[in-house]
Amino acid sequence: MHSTTEYQQAEAKLKLLRALFDNSSDAIEVLDPVTLRFLDINATGCRALGYTREELLSMSIYDIDTAYSAAPQKVLAQLRESGHALFETIHRRKDGSTFPVEVNTVSVELDRPYLLAITRDITERKALEAAQQDVARRLQRITDFSVLLSSANEAIAQMENEADLLRTLCELAAQHAHLRLAWIGQPDDEGWFQTLAAAGAALGYLSGIHISTSAELPEGQGPAGQSWRDQKPVYIFSISQNSHMLPWAQRAETFGMKAGAALPIFRGGKRWAVLVVYHGEENIFDADLQKILTDLAQDIGYGLDRLDILRKEREVNAFNEALLNTQSSGIGVVRFPERVLERVNARMLKMLGASSPGELIGQQARAIYPDATTYARVSAVEQTALSEGNGTLRDVPHRRRDGEIVWMDISIQRLDGTDGAQRTLGTYVDVTERHRLMDELARQSLSDTLTGLPNRRALDAEMGKAIARSDRQERLLAVGFLDLDAFKPINDIYGHDAGDELLKEMARRLQDAMRRMDTIARLGGDEFVLLLEGLRSMDALEQVLARLQAAITQPLHIKGEIVRIQASMGLTIYPFDDGDADLLLRHADQAMYAAKARPSREDGSWVQIYHPDIGNVSMGDEILRRDFLRALASGAVILRYQPLVALTTGLVAGLEALTRWNREDQEVSPERFLPSLGVLERQALGRFVLQTGLRQLAQWREMGLDLFLSVNVTPEELDSPGFADSVFGILAAYPGTPPEALVLEVLEIGEILEQEVALEHLQRLRGAGVKIALDDVGSAYASLLRLKNLPIDEIKIDQGFIRELSNKPQDLIFVESLVSLGLAMGVLITVEGVETEAHIALLREMKINYLQGYAIAKPLEAEAVADFVRTFVLGAGDADTPMLALYQHLGWVRAAEESAINHGIYAYAELAACPLTTWLHAHAAELSGVEALLVEHEAVHALGREILQIRQSGTREELHHLLGQLHGHSHRFKESLGQAVQGMRADATATALPPSSNE
């Protein structure tokens, strides 16, 4: 009876396993390890291959996998070595179609050896990878195109030889647009194109070629002839498929050219030549490439016009030099030391807008220059002419009598007279047209053609500078994305011309409402981006936004009717939103859509601010401010206390007072409401925290608990003239509490550095014994370069560095650098964010004074503090972590680096003795790619051993070469270790999750 039950149980297990086998989402194949024939396969595998199970059981893996059958030895060798192989290959279905798969093969030993293969269709993954590659290629093309235009404009602005200019532009086009050939041709008197310049790998294509402008000849049917006749661009998307390209199709194929285009070049407003390009891919001329080629052809025309102007100027200057007194150039004589104009010719009068010589003669030369800087430039050249005989100056602005600015090139010579007075003779050539043309070229590349505002290209350049200025000045930068509401109906009702006028008027209003330091750009349509720089506080931002709203809501007059329009704007604040330019724009765009979704435009809700933690919030939330003051008065704002443990004793040494607001049945932390509070609310909160915290500290000290209290101080409090006196007054109410028991944590130190009153407060408080701590060191809010200048006793390392160490041990070097900074400054060091036993074990190895975080305790109610302080003792922590092993390993690596740089002596650590070796082997089963990690780790130690040998007998160059290799291998090892640890943590988390229920 017992054996029957066991048999039934075994049979039930087999049925369960078969059901799991057949219902797996992946194909599962059981193979003979020698013949590779199918011994079994589940239903998923049959469906994927299009065969029945019976058909497959008569086949082998060679029948469905050509790649595998061609070279199975590598996979089989891997199976014999490790019992496991993971690879990608191509499977062929019964109907002959193929699809990519990922195969995970393991060797299984049961009643006999088997190969178990789990196969997954990765068609979708491969398609996604291909799509990502396409996006990357397009972004690279756009970057190349921008470099092409920038380089072309630079060449146009600098080169003065026509042949060199045309050849350079062809070379730039071939290089950055990846063209097989770019050439510029001009027809001769009989209509046959002659090559003026050419560049590219297929230059031989032009040898002996015949291309005509005539529509009657076959040689005139190509893109060059057609573009010349029609005076517009012509694109051949496929040379082999275009009948007009028959005379050149075979030649084009020989030189690897699949598509072509021709664009007219205009000089002096007249058709002059054509730009012809060929590419090695068909259908390559998309909208991006067409736009860049059109811009390039226009720029070539601008460059030729500039050369014509320069040539004319040189001709005029040569003529002036020969005649000394020309009618086409201005002449002016200046007497020194008075620097008055003594003589001018008629041309000079005309250029400066004077009607008679008397308007200029006898006047100070300073009067014809628009500013002191220009006058100083000219004065310096005049002094050179007086001492050396001559001097020249280009592009000098002059003010006409009517106030207009004209630009001139000046050539100055010394006049030696007989009366003893010093004089200079200046020849003035009007180059205003050249200057205007250069300005136009620059403006077109960086300006929006409709409004004249900076365009996206100019914005991209300016945003990086604005972020750098924000970091350097330690001011806030607000990035705004503004969109006009209901703009489309304006276009539909009044027409596009009216819409364009509205956009121009709105651009003017927004510019007038902004400060001189701010930037506004138009991206297109009714979308604008605003960069509001140098903000000291959110109150300063509110003032700017109020002016913008007033400007937007003013009525507009369109075709005799009064129209009012509104706008929605999203803002993000740097460095609170610590992203790059692209991320800041995306966040501002996201907040703008949140603003559009709000039905009301009252109480500042036309603007929404992106917050990295809580989403989008409204500007000027007066309701929240009013509620907060009521909560402060009613006792709904309370304090919690988080312990700080001294590493030397393992006991609680102090507490940090943390604010909580009981609002809508939840305890809300400050980051949820502090950004919306004004100056008065923040100052009131600071007084409350200090009074409540010190009162509670006095009670604990009366109970025999020797503790200190750490309190956060806002910039608004430090900016208050009576802040230090207020602190002294509150301390005086508790004579049993010494000043040394109070620690003030300073936030947003960048703002403090520029306020003498704040620094005076800190110095007075510190002089009286109060401790000053710098909070969030290492975050975007503090300037590490200025720490040494501050009156501080302690630094608190930002918790963001510590929390992620378990998943990113490679970031350990940043924490170590901050600790070294604190040690060098001679201040106490507190580490926040200590949340695991692994953190405790690691930080015990470092010279840290205090630990704070959830691994010790969450913020406590005041009533629970005394018992906790009396009973808590810090444990040793969890030493079985990659963080501790990596820290000890990095100490050895630094010693090796120091030896290579300074030829010092260090003790070489054998590979087997390295803690990381022990840890990697202990966790090999949990780590992905552990073999590669061990190899890279061994390479680091091998380089250390080689450095020790070379240091004794090698050269300094050899040591520096080894140091570079050590840096590279060490960096790769840390990055790979971080990725492997993240994978291990993720796998552990997934394994710990409870199984899902079908009930």
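Residues numbered from 1 in each chain as written. Predicted model: local features only at pLDDT ≥ 70, side-chain atom pairs only at ≥ 80, totals over all residues. Heavy atoms only, no water.

Counting its regular elements, the protein chain contains 32 helices and 32 strands. Counting all 999 residues of the protein chain, 48% fall into the buried class. Across the protein chain, the fraction of contacts at a sequence separation of at least 24, relative to all contacts at a separation of at least 6, is 60%. Accessible surface, the protein chain: about 49,200 Å² in total, of which carbon and sulfur atoms supply 51%. (Helix = DSSP H or I, 4+ residues; strand = E, 2+ residues; numbered from the N terminus. Buried < 20%, exposed > 50% of the residue type's maximum accessible area, 1.4 Å probe, protein only. Contact = heavy atoms within 4.5 Å. Areas by Shrake-Rupley, 256 points an atom, 1.4 Å probe, with all protein chains shown as cover.)

For the coordinates displayed, the defined rule picks out 50 salt bridges. The shortest N-O distance in the salt bridge between R120 and D26 comes to 2.8 Å. Here D26 lies in the loop between α1 (2–22) and β1 (27–31) and R120 lies in strand β5 (residues 113–121), a separation of 94 residues in the sequence. Exposure remark for R120: the relative accessible area of 43% places this residue in the partly exposed category. Between R515 and D518 there is a salt bridge, with the nearest N and O atoms lying 2.8 Å from each other. With a relative accessible area of 10%, D518 lands in the buried category. Among the charged side chains, a salt-bridge network with shared partners connects E88, E102, R125, K126 and E129. (Salt bridge = Lys/Arg side-chain N within 4 Å of Asp/Glu carboxyl O.)

This part covers the environment of G978. With respect to the helices and strands, G978 occurs in helix α32 (residues 956–992). A sequence separation of 169 residues divides G978 from P809, and the C-alpha atoms of the two residues are 5.6 Å apart.

Along the polypeptide, D526 turns up in the loop between β17 (519–524) and β18 (527–535). Buried charge without a salt bridge: D526, with K596 as the nearest opposite-charge side chain at an N-O distance of 5.8 Å. (Lys, Arg positive; Asp, Glu negative; His and termini not counted.)

Further remarks concern the sheet that holds strand β11 (residues 330–336). The 5 strands are arranged β12-β11-β15-β14-β13 in an open sheet whose pairing can be described as antiparallel. Every interior strand has two partners, whereas the edge strands, β12 (340–344) and β13 (390–399), have only one. Looking at each pair of strands side by side, their axes are set apart by 30° on average, direction ignored. Alignment of β13 against strand β14 (residues 405–416), held across 8 bridges, turns out to be antiparallel. For V396, the partnering residue across the bridge sits in β14 and is M408. Helix α12 (residues 372–388) rests against β11, β13, β14 and β15 (422–430) of the sheet, and its axis sits at about 155° to β13. (Pairing = 2+ DSSP bridges. Axes fitted to C-alpha atoms, helices over the stretch in contact; angles between N-to-C directions.)

Those residues of helix α15 (residues 487–494) lying buried are F487, I490, N491 and Y494. Along α15, the residues classed as buried sweep out an arc of 100° about the axis, all on the same side. In α15, those exposed residues whose orientation departs by more than 90 degrees from the buried face are K488, D492 and I493. Lining the buried residues of α15 we find β16 (476–484), α16 (496–513), β19 (556–558) and β20 (561–563). Downstream of α15 by one or two residues, G495 has phi in the positive range, about 100°. (Arc of directions from axis to C-beta.)

A grouping of E837, D878, D880 and E926 is seen on the molecular surface, where their side chains present a negatively charged patch. With respect to the secondary-structure elements, E926 resides in the loop between α30 (915–922) and α31 (930–953). Its relative accessible area of 42% is what places E926 among the partly exposed residues. (Patch = residues over 30% accessible without salt bridge, like charges linked within 9 Å, V, L, I, M, F, W, Y side chains within 5 Å. Charge placed at Lys NZ, Arg CZ, Asp CG, Glu CD.)

Turning to the sheet that holds strand β8 (residues 234–236), a few remarks are in order. A sheet is described by the order of its strands in space; here 5 strands give the open sequence β7-β6-β10-β9-β8, paired in antiparallel fashion. The sheet is open, and its two borders are formed by β7 (193–199) and β8, each paired with just one other strand. With direction set aside, neighbouring strand axes in the sheet form an average angle of 20°. For β8 and strand β9 (residues 259–267), the ladder comprises 3 bridges, and the chain directions are antiparallel. Across the sheet, residue I236 finds its bridge partner in β9, namely G260.

Nonpolar side chains collect at one region of the surface, where L16, L17 and L20 lie side by side and expose about 320 Å² of accessible area between them. One can find L16 in helix α1. When its relative accessible area of 53% is taken as the criterion, L16 is described as exposed.

So, on to the packing of helix α22 (residues 723–732) against helix α24 (residues 756–767). For any two helices packed against each other, one specifies the crossing angle of their axes together with the interaxial distance. The N-to-C vectors of α22 and α24 enclose an angle of 30°; their axes lie 9 Å apart at closest approach. One way to sum up the angle between α22 and α24 is to call them roughly parallel. Where α22 abuts α24, its residues F723, A724, D725, V727 and F728 lie against H761, R764 and L765. Its residues placed into classes, the contact of α22 with α24 shows 5 nonpolar, 1 polar and 2 charged. (Parallel < 35°, antiparallel > 145°, perpendicular 65-115°, else oblique. Nonpolar A, V, L, I, M, F, W, Y, C, P; charged D, E, K, R; others polar.)

Okay, unusual backbone geometry next. A negative phi holds for most residues other than glycine; trans holds for most peptide bonds. Residue P337 is bonded to the preceding F336 through a cis peptide linkage, with omega at 5°. Note on placement: P337 falls in the loop between β11 and β12. In this chain, Y574 is followed by P575 through a cis amide linkage whose omega measures 15°. Topologically, P575 is positioned in the loop between β21 (567–574) and α18 (581–597). Phi at H178 takes a positive value of approximately 55°, unusual for a residue other than glycine. Inspection of the secondary structure assignment puts H178 in the loop between α7 (162–176) and β6 (181–187). If you check the backbone angles, E474 has positive phi at about 55° while not being a glycine. Looking at the element boundaries, E474 is found in the loop between α14 (456–473) and β16.

In the structure shown here, the tally under the stated rule is 12 aromatic pairs. Summarising the aromatic geometry, the rings of F628 and W661 are spaced 5.4 Å apart at their centres and angled 75° between planes, so their arrangement reads as edge-to-face. You can see F628 sitting in helix α19 (residues 622–634) and its partner W661 sitting in strand β25 (residues 652–663), a full 33 residues away along the chain. Like F628, the residue W661 is buried in the burial classification. Every member of this aromatic cluster is reached through a ring pair, and the members are Y205, F255 and Y278. Between R251 and the ring centre of Y205, over which it is positioned, the NZ or CZ distance is 5.8 Å. (Phe/Tyr/Trp six-rings, centres within 6.5 Å; stacked < 30°, edge-to-face > 60°. Lys NZ or Arg CZ within 6 Å of the ring centre and 35° of its normal.)

Side chains on a regular strand alternate between the two faces of the sheet. Hairpin geometry of β13 and β14 is characterised by an intervening segment of 5 residues between the two adjacent antiparallel strands and by a positive phi of about 95° at G403. One ladder, built from 9 bridges, connects β14 with β15; its direction is antiparallel. Paired with D409 across the two strands is V429, which belongs to β15. Where β14 folds back on β15, the antiparallel hairpin that results is connected by 5 residues, among which G420 adopts a positive phi of roughly 85°.

Within β21, 8 of the 8 residues are buried, which leaves the element mostly enclosed by the surrounding structure. As paired elements, β16 and β21 share 8 bridges and run antiparallel to each other. When the sheet's bridge partners are listed, G480 is paired in β21 with L571.

Time to look at the packing of α16 against helix α17 (residues 538–553). Following both chains from N to C, one finds α16 and α17 inclined at 155°, their axes separated by 9 Å at the closest point. For the element pair α16 / α17, the angle class is roughly antiparallel. When the axes of α16 and α17 are compared, the crossing they make is right-handed. Counting all contacts with α16, which are made through M506, R509, L510 and A513, the residues of α17 involved are R547, L548, A551 and I552. Counted by class, the contact of α16 with α17 contains 6 nonpolar, no polar and 2 charged residues. (Left-handed = near helix turned anticlockwise from the far one by under 90°.)

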